[in-house]
Structures are given as C-alpha cells and as structure tokens.
Amino acid sequence: MTDPLLTLRPWSAPEVTSWGRLPMNAVDRRTGAHSLDGDWRFQLLSAPHAPVGGAWSTTVVPGVWTMQDTDDPLRSTVDLPQYLNIRMPYAEFPPLSPVDDNPTGVYEREIHIPADWAGRRVVLQVGAAESVLLVHLDGRPVGISKDSHLAADFDLSDLVRPGGRHTLRLTVVKWSDASHIEDQDHWWHGGITRSVLLYATDPLHLADVTVRASRDGELIVDCRVRDAGGALPEGWYVSGELDGLALAQDREFDRANAEDERVSAFLGEARMHTRVPEVRAWTAETPELYGLTVRLHRADGSVADTSRHRVGFRDVEIVGRDLLVNGERIYIRGVNRHDFHPLTGRTVSYDDMRADLVLLKRFGFNAIRTAHYPNDPTLYDLADELGFYVVDEADIESHDHAHEIADDPRYLNAFVDRVSRMVLRDKNHPSVIIWSLGNESDYGANHDAAAGWVRRHDPTRPLQYEGAAKRGWADPDLASDIACPMYAPLEDCVAHALSGEQTKPLIQCEYSHAMGNSNGTLADHWAAIEATPGLQGGFIWEFWDHGILQSVNDGRPVGRGGAGLYDNGVTAPGHRWAYGGDFGEKDHDGAFIADGVVFPDRTPKPVMYEHRELAAPVRLELFRHEGLVVSNHQHFRGLEWLTGTWELALADGRTLTAPATLPALLPGETAVVPLPLDLPEDGGEAWLTLRVTTAEDLAWAPAGTEVCAPQVLLRAAVTAGEAPVSGGVVEVDEDGLLVHPLLTAAPTLSLWRAPTDNDELGGMALRWRTWGLDSLVRKVVSVRRDGDTVTVLAEYAGTSGVVRHEQVFTPVEGGIRIDERADLPEEFDDVARVGTVFETVAGLDRLQWFGQGPWESYPDRSGGAPVGHHALPVDALFTPYLRPQESGGRHGVRRFTLSGPDVTGLVVTPDEPRQVSVTRYRAEDLTAVAHHDELVPRAGCVVHLDAAHRGLGTASCGPDTFPSYLVAPGVHRWSWTLHIL
Ligand code: IPT
C-alpha cells in the first residue's frame, strides 16, 4: 500500500510546513498528560523510502540516535554527530536534500487509551523532532510537522478507541528542505529531542489563553474556546482567578465580539480583567509571579477545561533610543544559549536547565537569547521564576543559502509558520521581552511577512532581527526595533551612539566570542556601555562549549551512561570532549563549537568571574582617602538581600577582615561610609575588598554565596629594588645560562605563547610562526664578570629578525637579582609576550602569590580577580581549554612562592606587577596536541614571568584586542629576584 505521507515527499517540499497539525497555543498540556517517554522500538533506515522491516532495536525517547546506542549490533546504519557551522553537510541546493543518504529513524510503540477517555478529545504531542516528523497510528496517516524546536500536536480522537491499544509510529527524517533553514552553528543530530505525550480534553476546550499584565497592575486575559464537536454549546463561560482574586468578565468585549463574525458556532472568545492593587511588578531582579487559573465551564458550572499560568506584571517599551522595562532603562547582560548537553546532545532536563540558569544568575547575567531557535518550554518557566530577560528567537537560520531563501516564496510559509508558532507558544512569559526573527538568514520579503504577523499579533513587545538591523542601525523601515549587530567594533557602537543619528537601542545580539582562552576587552566594552547613553549591553557568544563526551577507544559518543566521567571541566581517562572532526566527519569546523563561557560540564571558565564583577550590584570607590563611596548599581531593588565582609590585604602577607553592613540604598543611590579598618602604618601596598554575599537563601543561591568583590587601592607600593650584597656568588655555564639548584632549565627569553584560538583564527599565530618566534635560536654573544655581577648578552634569531637580550645577574641577600632587557626589531611589531621562561625541579606543587586571582587573568581580561594573597596547587592553575592553548596566566603578580612538601621552595619577586604563569607544560607541549586529554604533564613547573603579555581579544570571531594591549617592538626592561625559601 502506498503511504500518502511518503508519496508526498514532504522532506523536499518547503511549502508543506505541516499537515494535520493543531494550531500552536499557550495552554500548557504537560501537567496531567500521559508520558510516552521511555523505551520505543527503533530502526534507522538509510533514507525515508527505504523499506521498514529490518530488526527492531530499542531506544529511549526523547533522544537523538546520533548519540544513542551506537554500539547496538542490531543497527545496520550508524549515524554520528557532525559539526558544521555555516556550510551545509551536503551539496544539494534548497529545497533538496540527499535522496538516498538521508538517515531516517522509525520509532514505534503501543499506546493505551484509557476507557474513561470515551467521548474526549485525544491529542498526541511530540515535543520536538528533527527535521521532519511523520505520524502514523495503526498504519494510518495522522500528520506531518516541521520545525525541529517546537512541539506538534495531532488530534487522534477519530482514530482511537477508548480502552483500546494502538500502534503509534513516528518517522523522523533527518535531512529536508527544513534543514536549509535550520543551519545553525551547532552539531547536526537526528531524532526526537523533547518529550512525547498524550493528553485528553473535553471536545469543548480552551484553545488558547493570552495574558497581558502591566506594571500598573492591570491584567487582561483573552480566552479562545473551541468545540471539536463542531458546535459551541449554549451557556459556556470562563472564569479566572489570580491568587484568590476573581477576575471580572469584560462585558463590553463580549458584546462587541458577539457581533464579530470570527465568533462562529465552534469558536468563542472571552475577555476577563482585573486590576491588582499595589502590584509587585516583575523584573529580572524582582521576578515576582502571580498564579492565574483560567477555567472553562459548561452551562451547569462544571469545569470542562483548566489552564494555569504564572503572571508577571511588567511593561516593555522603547522610548527614544532606550529599551525600558517598567519605565527604567536597563542593561542587558546577556548570553546566547543553546539547548545542549554533553551526554544527550540536545535533550535537556528540568534539572539541567535550572542548573544553567542558576549558574548564570550567580555570575551576574540577566538576559538570554535563545540562540537560534525556541528553547525547551521549561527554560521560559525557569526564566520567569529566576528572573531573566529573554530574546526569544525563531528557528530560522539559512546561513549557507541565506540569500536564495530570504526571498524564495516557497519558504514564505515556513518563515511565518515558525515565527508565529513561537509567539503563540511563548507570549505569556514575562521573561520574554523581545521577539527575534531568527539568525544569519540575510534579509528578504519572507522576514517582512513574519514581522508583519508579529507586529499585529503581539504589539506589546519589540522585535529584532540582526539581518535587518545590519542594513542600517537607524533605519525605521527595517524589521528590527533594536540595532542588534553581532561582533561590531566597540568604536563603531560608540560612534553611532554619539552621532546624533541613533534611533533605536543598541544591544549587540552577539559579542565577545568565548572560544578557548578569550573574551579580552570585556571590561572595556562595559566601561563604554555604562558611559554612553544609547548603548545598553549585549549577549556574549555563547554559554556552552559544545564538547560531546566521547570514548577515545571506539570514537563513539558515551551517551547517557557518562555521568561521573568528568569533573571540573576535565574528562576521565580514556575520554575526551569531542569537537568538530572527532567523529570522523570529512567536513567539519573543528573547535569552533567550543566557544562558551562554560565547559561542556558547566564548569565556569575564568571569564565568568570577570563578568560577575562587571555586573556587580554594589560598587566601591575611594573618597579622598577618608572614606568610601558605596553605590547601588541595580535597576530595581535595594541592597537588603546582600551582606558582606571587608578584607584588607597588605603586601607583607597580612589579611585583616571586618564584617560589613551595607548602607540602605535605592537603585542608583550612593553613600559615603568611613573606612572600615584602620590602615596599619607598615605593611606596604594595601587593597581593600568588599566581599559581597547573599544575606539569605535565594532561589538561585544559598545564603553566603559571593556575588561580587569590588576593590579599592588604599596604599600604593613603594618599590625599592633589592640592594646588592658583596660576596654572593652567581654561577652561569659557558652559554651564559644560570646554574641554580632548583631550576632544570635556566631563565631564557620567551616571545611566544601557545596560540589561543583567537591568535590562530585572527592570523597572529601565522605571523609569529612566519617570524620564527616559536623556534628562536639562542646564541650567547658574551659573558662578562664585573665583581660579583655577571652580564650575559645573547641573540635570539628568528627567521626574519634578531632580538638582543641582556641579563645581569647580581647577588642580593639570600638570592639573585636578574635585570633583563630585550630589544625587539621593528618587524616584530606584535608579539605574544616578552618575558622570561624557566623550569623547576619536580616536587614544587603549590603556588602562593600576592597579586590578582585566584582565577586566571590576562591584561585585557583581569577584572574580577582582586589583588590579594592567593594559593593553589600548581595543577589547579591551568585552565583545561578543549584545544590546548596558552592558559593559566595570572595578571598583576607582585610576588610568588613555589613550594612542595619535600622540596625547598623558591620565591620570585618581580620589580612591578607582572603577568605570570606556572604550569606543567611548555608552550610547544600545548601546541603539539589537539585535545586536553592528550597532554602529558611534566614533573617540574614551567614558569613564565612576562614584562609584557599581549591581550587576548576576541579575534576568533570579532574584533582583536585593543592597541593598548599589544606588545610593541623596541626596548623592554624588567627585573626580578629569585630567592630560595
Ligand atoms: C555567528 C552566529 O550567529 C553564531 O551562531 C555563531 O556561529 C557565531 O557567529 C560564531 O561562533 S555568525 C558569524 C559569521 C559572525
């Protein structure tokens, strides 16, 4: 028998967005539904037209077959994850996809229809399937759906028997016309990624509920009612209740609608309203929610249907060039977030999503862009509850064929379908403050059509689309109410805001690309944003490093069983975080998938701590050396929820503390408070830090969680170089290399760092290699003794330039002072570092330092690492970026001690705060391997002390670091002392 769903070949028909699918709505049917999650029979076919009839294996729904049971012997076909950013994984042009090589999953199971569902409307909901879903019941066609990130509901009422058992088949075709508009930058998978349910309603049911709640307490609830039976019975009515407060029926609306031809025999509309006195408004800082219950009643008053909502009263508007929430110009401290998990690929649980958002809250984020498709519905519930502003983005990215598709009328339906279904699903969430038409799809008539639909349907929120905004940040005619560029140079943003031409809020939809060791200049961005009216923030790219947990042995994804095989960002032996190419893909985009502010197990990268500080709700400034200015840097709340501790770090090693009481301050207010601790007359350089913690348990943090640690310098260092002593001995060998009992490699000059992803993709690493900086050849020119002092002159030859390097070794009390000078030729006009590198004996396992920390910091990413006394095991200093690269640096180091339980330590004191790193790896160790798990730690330490270190920037996608963070040619001087502990 020919199957009409297959005969239609919907996988190459963009006009067909669905068939038999129910309209999207905001009535949540998850509670009370029968879950169909769990084991299903499964077959993977090579193409949709391949015959079903092979052996069935078992698989878990929801899940992607690309990550599941890949060692199942019953599988005739194995289809693994593939990572490609822009390029499509096949050559066919839209709307076509490969004919014979199109993995197709066939899922089957029995469903049981309860006997008491007799007379009810029975609906199947498939949470999400990619990319085409075909539904059959007992071999009969039920429906088709596309759009891999939204649910599809199908009415089964006419096909099922109460008390009966039926065979449900879901066929999921991986490649289709829809893949061309789901060309987002993440792994390609195939399967059913969200839960499958079965639910029943009365034939007379709530077809949709639209909630509008504004900050003045006004609540309007619009209900649409349908009768699947075909005729709306007389006497139905709706009721509503908001936390015990009954809503009133809007008679005027009902009267007007009674004459409205849209209200037919089977569709009813009703409006209810109320005004809540002294309403507690919703904002991301104060996520106040009210519980709303909407009921549909039959004529006798009995309840036919119920819909529950959580309501947040808030306004969003654009006034002039400002985006306002509840009348306040807010900052958007955002991140782009994918639905991702290292074991399941795309299926994310409630706990996972909650953990994501809790972490983001703790690190000062207040906004999420759902890059680049509507996320799991639970994410929005959590955003409402924990407090986030959400840019909700439609599932449209046609990156590879953007220009052809934006105006292709065959795709018009798909654009409007995807955008409108997202709006219909998510419109009641207070967290959603902006709609987005999608990502990287050029700009065409299809976008304008979708924008037109949104503007009519939901005039309460702004709309954005980067592809439109790019045509003119100030142009009022384009389908974007926000100027939302990606990776725009900061100077362009500032210039636009100062130009007098700005008409729209400027909020970058992507900026500060977090690939590897990155996010340089984030603090400079925020300084400019806070200083420039018209700039309101942006969304960092991105939350996740999408590394998939892989077994190195067989190259397969580990899947759900992998919990416990990673910790603190690092995988267990025999495993690694796979990135593009690791599954044998011929075409891939490598580690570009690892560009998040957290590791694949959600361990925060160091940039998170800087972000937390940039978002600090409390700021500190010194007031004429007599007191401190404390300010409340929030938009909507006081400081009652916070408490703190003062900490005074002195260069002599002391740290004094005192409890802090934060002043009562309204948003934006400041107060002068006296210095909390007497500054001792001695003790040298002195830094005062206010460690701010949560005063009570919050939904996202237990009491005592650190929120920020603003710091002021109370007393600067007085530098006095250590005086020479006579009679000391400095030993150097015939090559002028220092001989020292604790060093296995003498201090030499280093101009090279293991290229970061930014260095590689930004082209710097190539230049450094061309100059030969990775393999400088040292030649000693002279060794001169002058009393106790030894002066060594050496030349370091690259392929296109020679650096002269001088070291003067002078004995000082208990150690040696080393004064260094390097002369960089003009052609080396942008190097990674100028500094000293040496290696120590084994057994020195602990670093103590006075400087910035405790986490990794670099010259252009050093905020949020307060100056203080820090100590960490050497192994914990290194940040395990997925692709090994320069890592583990500490900025502003004033002194450090390396010691071990059995070995005497050494103490290094630079002449001024310097960039230092202590790791188990040479730069060439890091460049030699592609994954962190391949690194073999050395027994001793590799120590870098830099006179100058280049900023990190974000050049892997976006601007490089600023000129002030570059290392210039010419003369560099630095000195340091080396003592044995
Ligand atoms: C931009 C994409 O929108 C995003 O999905 C991601 O690929 C990011 O870049 C880089 O990681 S598009 C890019 C061409 C600017």
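Residues numbered from 1 in each chain as written. Predicted model: local features only at pLDDT ≥ 70, side-chain atom pairs only at ≥ 80, totals over all residues. Heavy atoms only, no water.

**Digging into the overall build of the chain**
Turning to step 1, where the next piece is worked out: Check the secondary structure of the chain and you find 14 helices and 58 strands.
Turning to step 2, where the next piece is worked out: Taking 30 Å as the expected radius of gyration for a compact globule of 981 residues, we find that the chain reaches 31 Å, a close match to that expectation.
Turning to step 3, where the next piece is worked out: Across its three principal directions, the C-alpha atoms of the chain cover 110 × 65 × 50 Å.
Turning to step 4, where the next piece is worked out: Within the span of the chain, comprising 981 residues, buried residues form 62% of the whole.
Turning to step 5, where the next piece is worked out: Within the chain, contacts between residues at least 6 apart in sequence are counted, and of these 74% link residues at least 24 apart.
Turning to step 6, where the next piece is worked out: For the chain, the exposed surface amounts to about 35,500 Å²; the carbon and sulfur share of it is 51%. (Helix = DSSP H or I, 4+ residues; strand = E, 2+ residues; numbered from the N terminus. Rg over C-alpha atoms; globule rule 2.2 N^0.38 Å. Buried < 20%, exposed > 50% of the residue type's maximum accessible area, 1.4 Å probe, protein only. Contact = heavy atoms within 4.5 Å. Areas by Shrake-Rupley, 256 points an atom, 1.4 Å probe, with all protein chains shown as cover.)

**Some points on helix H13 (residues 764-771)**
Turning to step 1, where the next piece is worked out: Residues of H13 that are buried: Met 764, Ala 765, Trp 768 and Trp 771. For H13, the arc enclosing every buried residue in end-on projection is 125 degrees, short of the 170-degree limit, so these residues lie on one face.
Turning to step 2, where the next piece is worked out: Residues of H13 that are buried sit in contact with helix H12 (757-761).
Turning to step 3, where the next piece is worked out: Looking one or two places after H13, you find Gly 772, whose phi comes out positive at around 80 degrees. (Arc of directions from axis to C-beta.)

**Describing the domain arrangement of the chain**
Turning to step 1, where the next piece is worked out: Assigned domains of the chain: these are domain 1 (4-201), domain 2 (215-311), domain 3 (316-546 + 594-609), domain 4 (547-593), domain 5 (617-709) and domain 6 (743-980).
Turning to step 2, where the next piece is worked out: For domain 3 versus domain 5, the separation of C-alpha centres amounts to 33 Å.
Turning to step 3, where the next piece is worked out: Tallying the contact residues gives 14 residues for domain 3 and nine residues for domain 5.
Turning to step 4, where the next piece is worked out: Between domain 3 and domain 5, a total of about 940 Å² is buried, with carbon and sulfur atoms accounting for 58% of that surface.
Turning to step 5, where the next piece is worked out: Along the contact surface separating domain 3 from domain 5 lie one salt bridge. (Domains from an automatic or database assignment. Buried area = accessible area lost by both parts, 1.4 Å probe. Salt bridge = Lys/Arg side-chain N within 4 Å of Asp/Glu carboxyl O.)

**Describing the nonpolar core**
Turning to step 1, where the next piece is worked out: Core analysis: the biggest nonpolar cluster contains 92 residues, and Leu 357, Val 597 and Trp 646 have the highest contact counts within it.
Turning to step 2, where the next piece is worked out: Among the elements that take part in this core, helix H6 (residues 412-426) stands out by supplying six residues, more than any other.
Turning to step 3, where the next piece is worked out: Contact partners of Val 597, with chain neighbours within four places excluded, come to Val 335, Ala 514, Ile 540, Glu 542, Phe 543, Thr 603, Pro 604, Lys 605, Val 607 and Met 608.
Turning to step 4, where the next piece is worked out: Within the second largest apolar cluster, 60 residues are counted, among which are Ala 765, Leu 847, Cys 941 and Trp 974. (Core = buried A, V, L, I, M, F, W, Y, C linked by side-chain atoms within 4.5 Å.)

**Describing the site of the ligand**
Turning to step 1, where the next piece is worked out: Within the structure, the ligand sits among 14 residues, and Asp 185, His 372, Asn 439, Glu 510 and His 513 are positioned closest to it.
Turning to step 2, where the next piece is worked out: At a separation of 2.7 Å, an oxygen atom of the ligand approaches a polar side-chain atom of His 513.
Turning to step 3, where the next piece is worked out: Coverage of the ligand by the protein chains reaches 87% of its 390 Å² of free accessible surface.
Turning to step 4, where the next piece is worked out: Broken down by class, the residue content of the shell around the ligand amounts to five nonpolar, five polar and four charged. (Near = heavy atom within 4 Å. Polar contact = N/O pair within 3.5 Å; in protein donor to acceptor, adjacent residues only side chain to side chain. Nonpolar A, V, L, I, M, F, W, Y, C, P; charged D, E, K, R; others polar.)

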